[in-house]
Amino acid sequence: MVTAIVLMNLERSGIEATAQQIAEIPGVSEVYSVSGRYDLIALLRVKSNEELARLVTRSLREVESILSTETLIAFQAYSIHDLEAMFSLGEV
């Protein structure tokens, strides 16, 4: 599994509609509207680097209101939620 984080700057009008449009693209697992330098952050989860390349360079490129992106590829995931799930086996 390949995970990437895409930081996006958008045209100011229609951020909510753009977030919904991006969330419907296969391979996009979550989209967040955020404050700061970026308008939206999308989490991408796909099976291969080739699939990621298609998603970033084709599917996201078709979203007209995206002005610029910065893509970060995750090497390793660390999550307290995963640890909690592992240690809570058998608990009700």
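Residues numbered from 1 in each chain as written. Predicted model: local features only at pLDDT ≥ 70, side-chain atom pairs only at ≥ 80, totals over all residues. Heavy atoms only, no water.

A word on the pattern of salt bridges. Inspection of every chain in the model, using the stated rule, returns two salt bridges. We note a salt bridge from Asp 39 to Arg 12, for which the minimum N-O separation is 2.6 Å. Separated by 27 residues along the polypeptide, Asp 39 in the loop between β2 (28-33) and β3 (40-46) and Arg 12 in the loop between β1 (2-10) and α1 (15-23) bring together distant segments of the chain. Relative accessible area serves as the criterion here: at 10%, Asp 39 is assigned to the buried category. Exposure remark for Arg 12: the relative accessible area of 65% places this residue in the exposed category. (Salt bridge = Lys/Arg side-chain N within 4 Å of Asp/Glu carboxyl O. Helix = DSSP H or I, 4+ residues; strand = E, 2+ residues; numbered from the N terminus. Buried < 20%, exposed > 50% of the residue type's maximum accessible area, 1.4 Å probe, protein only.)

Quick look at α1 now. Since the α-helix advances by 3.6 residues per turn, residues separated by three or four positions end up pointing in the same direction. Among all positions of α1, only Thr 18, Ala 19 and Ile 22 are buried. Down the axis of α1, the smallest arc covering the buried residues is 100 degrees, so these residues share one side. The outward face of α1, more than 90 degrees from its buried face, is lined by the exposed residues Glu 16 and Ala 17. Against the buried residues of α1 lie β1, β2, β3 and β4 (66-73). (Arc of directions from axis to C-beta. Contact = heavy atoms within 4.5 Å.)

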